[in-house]
Amino acid sequence: MIDTEEIDLVIELLAAENDGMAREEAQRVVGERRGVAMRTIRRRRDRTAARLRDAAPKYLAAIA
């Protein structure tokens, strides 16, 4: 199961990048808002992306 907090983080990062921020800058800003280091943001982002990749085939099979 993917926690909504993890999804919110990815959405927040993507929104910052779509607003024109460079990826590293977006990670820094989001990290500051959440009170964590950029390294933590990157780890959480990567973990969430991996979980989404793993869940995608199951989701697609369920809706087929």
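Refer to the structure above for everything that follows.
I will try to describe carefully the structure that is included in this document. (Residues numbered from 1 in each chain as written. Predicted model: local features only at pLDDT ≥ 70, side-chain atom pairs only at ≥ 80, totals over all residues. Heavy atoms only, no water.)

**Description of helix α2 (residues 23-34)**
Line of reasoning, step 1. Taking 1.5 Å as the rise per residue, α2 with 12 residues should run 16 Å; its terminal C-alpha atoms sit 16 Å apart, in good agreement.
Line of reasoning, step 2. Within the span of α2, buried status applies to A26, Q27, V29, V30 and G31.
Line of reasoning, step 3. Among the structural elements, α1 (4-18) and α3 (38-63) are those in contact with the buried residues of α2.
Line of reasoning, step 4. In the stretch just after α2, G35 is the one whose phi turns positive, near 75°. (Helix = DSSP H or I, 4+ residues; strand = E, 2+ residues; numbered from the N terminus. Expected span 1.5 Å × (residues − 1). Buried < 20%, exposed > 50% of the residue type's maximum accessible area, 1.4 Å probe, protein only. Contact = heavy atoms within 4.5 Å.)

**Here's the deal with a nonpolar patch on the surface**
Line of reasoning, step 1. The grouping of Y59, L60 and I63 at the surface amounts to a nonpolar patch, some 350 Å² of accessible area in total.
Line of reasoning, step 2. Mapped onto the elements, L60 comes out in helix α3.
Line of reasoning, step 3. In this structure L60 comes out as exposed when scored by relative accessible area, which is 52%. (Patch = residues over 30% accessible without salt bridge, like charges linked within 9 Å, V, L, I, M, F, W, Y side chains within 5 Å. Areas by Shrake-Rupley, 256 points an atom, 1.4 Å probe, with all protein chains shown as cover. Salt bridge = Lys/Arg side-chain N within 4 Å of Asp/Glu carboxyl O.)

**Describing the packing of α2 against α3**
Packed helix pairs are specified by the crossing angle of their axes together with the interaxial distance, meaning the distance between the axes.
Line of reasoning, step 1. As a packed pair, α2 and α3 sit with axes 8 Å apart at the nearest point and diverge in direction by 105°. Considering their axes alone, α2 and α3 lie roughly perpendicular with respect to each other. Residue-level contacts link R23, E24, Q27, R28, V30, G31 and R34 of α2 to M38, I41, R42 and R45 of α3.
Line of reasoning, step 2. Per-class residue counts for the contact of α2 with α3 are three nonpolar, two polar and six charged. (Axes fitted to C-alpha atoms, helices over the stretch in contact; angles between N-to-C directions. Parallel < 35°, antiparallel > 145°, perpendicular 65-115°, else oblique. Nonpolar A, V, L, I, M, F, W, Y, C, P; charged D, E, K, R; others polar.)

**Here's the deal with the environment of T40**
Line of reasoning, step 1. One can find T40 in helix α3.
Line of reasoning, step 2. C-alpha separation for the pair T40 and V29, spaced 11 residues apart in sequence, amounts to 13 Å.

**Some remarks on a positive patch on the surface**
Line of reasoning, step 1. Judged by side-chain charge, R39, R42, R43 and R44 come together as a positively charged surface patch.
Line of reasoning, step 2. Take R43: it is sitting in helix α3. (Lys, Arg positive; Asp, Glu negative; His and termini not counted. Charge placed at Lys NZ, Arg CZ, Asp CG, Glu CD.)

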